[in-house]
Amino acid sequence: MSTQSSALPPVASVKALLANEHAQGSDVLVQGWVRTRRDSKAGFSFVHLNDGSCLNNIQLVADQALPNYQNEILKLTSGSSIQCVGTVVESKGKGQSVEIQVKTIEVMGLVEDPDTYPIQPKQHSYEFLRSVAHLRPRTNTFGAVTRIRHAAAQAIHRFFDEQGYCWVNTPIITASDAEGAGQLFRVSTLDLANLPKTDSGHIDFAQDFFGQETFLTVSGQLNVEAFCLAMSKVYTFGPTFRAENSNTSRHLAEFWMVEPEVAFADLNDLAHLAEQFLKSVFSDVLTHCAEDMAFFADRIEPEAITRLEKVIESPFIRMDYGEAIKILEASGQKFEYPVSWGTDLQTEHERFLTEVHCKAPVVVVNYPDAIKAFYMRLNDDNETVAAMDVLAPGIGEIIGGSQREERLDVLQKRMAHHGLDAETYRWFLDLRRYGTVPHAGFGLGFERLLNYITGLGNIRDVIPYPRTPKSAPF
RNA sequence: UCCCCGGUAGCUCAGCUGGUUAGAGCGGGUGACUGUUAAUCACUAGGUCGUUGGUUCGAGUCCGACCCGGGGAGCCA
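All of these numbers come straight from a predicted model, not from anything done at the bench. (Residues numbered from 1 in each chain as written. Chains lettered and ligands numbered in written order. Predicted model: local features only at pLDDT ≥ 70, side-chain atom pairs only at ≥ 80, totals over all residues. Heavy atoms only, no water.)

> Any chance you could break down the side chain of Arg 307 for me, citing the residues and the numbers?
For Arg 307, the location among the structural elements is in helix α7 (residues 304-313). Comment: no salt bridge for buried Arg 307; closest opposite-charge side chain is Glu 301, at 4.6 Å. One polar contact links the side chain of Arg 307 to the main-chain carbonyl oxygen of Tyr 452, over a distance of 2.7 Å. Filtering out sequence-adjacent residues up to four positions away, Arg 307 remains in contact with Glu 301, Pro 393, Asn 451, Tyr 452 and Gly 455. (Helix = DSSP H or I, 4+ residues; strand = E, 2+ residues; numbered from the N terminus. Buried < 20%, exposed > 50% of the residue type's maximum accessible area, 1.4 Å probe, protein only. Lys, Arg positive; Asp, Glu negative; His and termini not counted. Salt bridge = Lys/Arg side-chain N within 4 Å of Asp/Glu carboxyl O. Polar contact = N/O pair within 3.5 Å; in protein donor to acceptor, adjacent residues only side chain to side chain. Contact = heavy atoms within 4.5 Å.)

Here it is as structure tokens:
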């Protein structure tokens, strides 16, 4: 907004105008993009302008006496950019309290070919909008998503800050495969057409940029544990990369993850934290984005607001993995995948627990050792680990976490059992050698959280530029 | 990666068991009308029916291959 000269009145956001923060009778400068234009042959046009500051538009009333009325204003179509100087006045029409009586409209950019401008004032399919990801922020839905994404991120930082957590920026480039599972994206500056080889015929990564094999991180957890065992309460919030060939509405190759890690905490503390965290973020979003949330409730998911309120009000249901298995076995449901102790919960099982049995988020704890990661703390029964999953209706696993194995000897055994190289994880083991303490942490998929908040069904619609297998346009 | 479904105008879709010049709504243009609200009405322009082989007298329609998209599953957050 640097186009303002001293001759122009102060810039007013649409949000501030509609909130009556500018007195009627005062002159303002409004800048934004045209949503619709309707002409009255009585001699003026209505231009609805949006600047992204809020869901609604400000109505500009432009009289035909304006010098550029015929050759510019009547050519404004959806998507055109303008800045307008005018007076805030009470609206004579219905549907808005105030509007702008135009003094001047300066056209910054017309839409070159209105016939092919993709964004129209109508319902578009999400698939189509993904193909115009550079223009979809101009729709009501993606404007609302963008504001809610921002508000949720702020709410997350605020929650942790108020609880005394430090935000730690763990590296995006890593040398270790954090969990011994999952496909990684390689980071390399080697010439793919002419790879250097060692004497034994393998690729010589010593000649690569970092002098060794490197990848994009799949989790900041291992790195942040080190800071946890110094700062006590820490969290990461940043991009994460998985090269899995996952083609679902719940997976991205590049997504954002929140990972708190707490020292002197056990699984119960962690489950409590997860519950407080979700409730706080939901509550924050509901108060800060009331208008956008009302839009989602109206257009996307009727329960969008009420289900968040329900989550905020009611205690999370906590159950043992063993208990969950018993409930599923006794359910009388026909599952495609049979349920028995020792198998991982399938999507259909999670859905039954959250959507049918509990009708609320469920925290499942203490999973069998065999189906969980090496760093999770072995329980005294020697067959389960102190892991937890928070399952949300309609989304599935929204949070996955555990108490970490803090005992050096037990961790070493578990790593050997998982076939991990102790040398690679030497620094991670050091943390158990030098002043180890019980600690616990979880990972939350930020986009999955946004899916749950907005009611949008596809994860590609809550991130600005989705990256999925075979797809990284824009 | 597996299983389903789909690809027709700028967008959203219709097009029945293959049959002559491929339709509608919205959007665009023109005009009428109106303090309008995704305005309304009339007229108008706009399509190599995803690509490519094949079957057929004839293919948007049937078959094969490929590409792309969606839904579900696995993997997970």
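> Give a description of the protein's contact with RNA strand B that names residues and reports values.
If you check the shell around RNA strand B, you find 52 residues, and the closest are Arg 38, Lys 94, Glu 99, His 251 and Arg 448. Among the atoms of RNA strand B lying within 4 Å of the protein, the sugar-phosphate backbone contributes 47%. Between RNA strand B and Arg 130 there is a distance of 3.0 Å, counted from a phosphate oxygen to a side-chain nitrogen or oxygen. At 2.8 Å from a base nitrogen of RNA strand B is found a side-chain nitrogen or oxygen belonging to His 251. Tallied by class, residues from the surface near RNA strand B come to 13 nonpolar, 22 polar and 17 charged. (Near = heavy atom within 4 Å. Nonpolar A, V, L, I, M, F, W, Y, C, P; charged D, E, K, R; others polar.)

> With reference to specific residues and values, describe the sheet that holds strand β15 (residues 396-403).
Taken together, the 8 strands give an open sheet; going across it, the order is β6-β10-β11-β16-β15-β14-β13-β12, and neighbouring strands pair in mixed fashion. Two strands close off the open sheet at either side, each with one partner strand: β6 (166-167) and β12 (317-320). Bridge count between strand β10 (residues 233-241) and strand β11 (residues 254-263): 9 bridges; the pairing is antiparallel. The residue of β11 that forms the bridge with Pro 239 is Trp 256. Against the sheet, helix α4 (residues 221-231) engages β6, β10, β11 and β16 (439-445), with an angle of about 30 degrees to β11. (Pairing = 2+ DSSP bridges. Axes fitted to C-alpha atoms, helices over the stretch in contact; angles between N-to-C directions.)

> Lay out the packing of α4 against helix α11 (residues 426-433) with the relevant residues and their values.
For the pair α4 and α11, interaxial distance at closest approach is 10 Å and the crossing angle is 25 degrees. Here α4 lies roughly parallel to α11, going by the angle between them. For α4 against α11, the interelement crossing comes out left-handed. Contact with α4, carried on its side by Leu 222, Asn 223, Glu 225, Ala 226 and Leu 229, involves Trp 427, Phe 428, Leu 431 and Arg 432 of α11 and no other residues of that element. (Parallel < 35°, antiparallel > 145°, perpendicular 65-115°, else oblique. Left-handed = near helix turned anticlockwise from the far one by under 90°.)

> Tell me about the packing of aromatic side chains, and name the residues and values.
Under the criterion given, the structure shown has 20 aromatic pairs. Considering the side-chain rings of Phe 160 and Tyr 235, the 4.3 Å spacing of their centres and the 25 degrees angle between planes classify their relative orientation as stacked. Within this pair, whereas Phe 160 is found in helix α3 (residues 140-162), its partner Tyr 235 is found in strand β10, the two being separated by 75 residues in sequence. One exposure class covers both Phe 160 and Tyr 235, and it is buried. Measuring from ring centre to ring centre gives 5.6 Å for Phe 282 and Tyr 452, while their planes differ by 35 degrees; the resulting arrangement is tilted. Linking Phe 282 in helix α5 (residues 267-288) with Tyr 452 in helix α12 (residues 446-454), this pair joins segments that are 170 residues apart in sequence. One exposure class covers both Phe 282 and Tyr 452, and it is buried. Connected via pairs of aromatic rings, a cluster forms that spans Phe 159, Phe 160, Tyr 165, Tyr 235, Phe 277 and Phe 442. (Phe/Tyr/Trp six-rings, centres within 6.5 Å; stacked < 30°, edge-to-face > 60°.)

> Account for the sheet that holds strand β8 (residues 186-187), with residues named and values stated.
Taking strand neighbours across the sheet as the criterion, the 3 strands line up as β7-β9-β8 in an open arrangement whose pairing is antiparallel. Here the strands that pair on one side only, and so sit at the sheet edges, are β7 (173-174) and β8. Across 2 bridges, the pairing between β8 and strand β9 (residues 214-216) is antiparallel. Paired with Val 187 across the strands is Thr 214, a residue of β9.

> I'd love a proper account of a nonpolar patch on the surface, names of residues and values included.
Residues Ile 172, Ile 173, Phe 209 and Phe 210 make up a contiguous nonpolar surface patch of roughly 390 Å² in combined accessible area. Of note, Ile 173 is situated in strand β7. Under the relative-accessibility criterion, Ile 173 is labelled partly exposed at 37%. (Patch = residues over 30% accessible without salt bridge, like charges linked within 9 Å, V, L, I, M, F, W, Y side chains within 5 Å. Areas by Shrake-Rupley, 256 points an atom, 1.4 Å probe, with all protein chains shown as cover.)

> Give a description of the pattern of salt bridges that names residues and reports values.
Inspection of the entire model under this criterion finds 20 salt bridges. Between Arg 186 and Glu 213 there is a salt bridge, with the nearest N and O atoms lying 2.8 Å from each other. Taken together, the residues span a long stretch of sequence, with Arg 186 in strand β8 and Glu 213 in the loop between β8 and β9 at a distance of 27 residues. On the basis of relative accessible area, Arg 186 is assigned to the partly exposed category, the value being 44%. Residue Arg 407 is joined to Glu 405 by a salt bridge in which the shortest nitrogen-to-oxygen separation is 2.7 Å. By relative accessible area, Arg 407 is classed as partly exposed at 26%. Taken together, the shared-partner salt bridges connect Glu 225, Glu 261, Arg 404 and Arg 432 into one network.

> Tell me about the nonpolar core, residues and numbers included.
Core analysis: the largest hydrophobic core is formed by 61 residues, its most contacted members being Phe 277, Met 388 and Leu 449. Residue contributions to this core peak at 11 residues, all from α5. Residues Tyr 321, Tyr 375, Met 415 and Tyr 425 belong to the second largest nonpolar core, which totals 32 residues. (Core = buried A, V, L, I, M, F, W, Y, C linked by side-chain atoms within 4.5 Å.)

> Would you mind going over the packing of helix α8 (residues 321-329) against helix α9 (residues 347-357) in detail, with residue names and values included?
At their nearest, the axes of α8 and α9 sit 11 Å apart, and the two run at 80 degrees to each other. One finds that α8 runs roughly perpendicular with respect to α9. Of α9, the residues touching α8 (which contributes Ala 324, Ile 327 and Leu 328) are His 349, Phe 352, Leu 353 and His 357. The residue inventory of the contact of α8 with α9, partitioned by class, reads 5 nonpolar, 2 polar and no charged.

> Quick rundown of α7? Include the residues and the values.
Within the span of α7, buried status applies to Ala 304, Arg 307, Leu 308 and Val 311. Each buried residue of α7 sits inside an arc of 100 degrees when the element is viewed along its axis, so together they form one side. (Arc of directions from axis to C-beta.)

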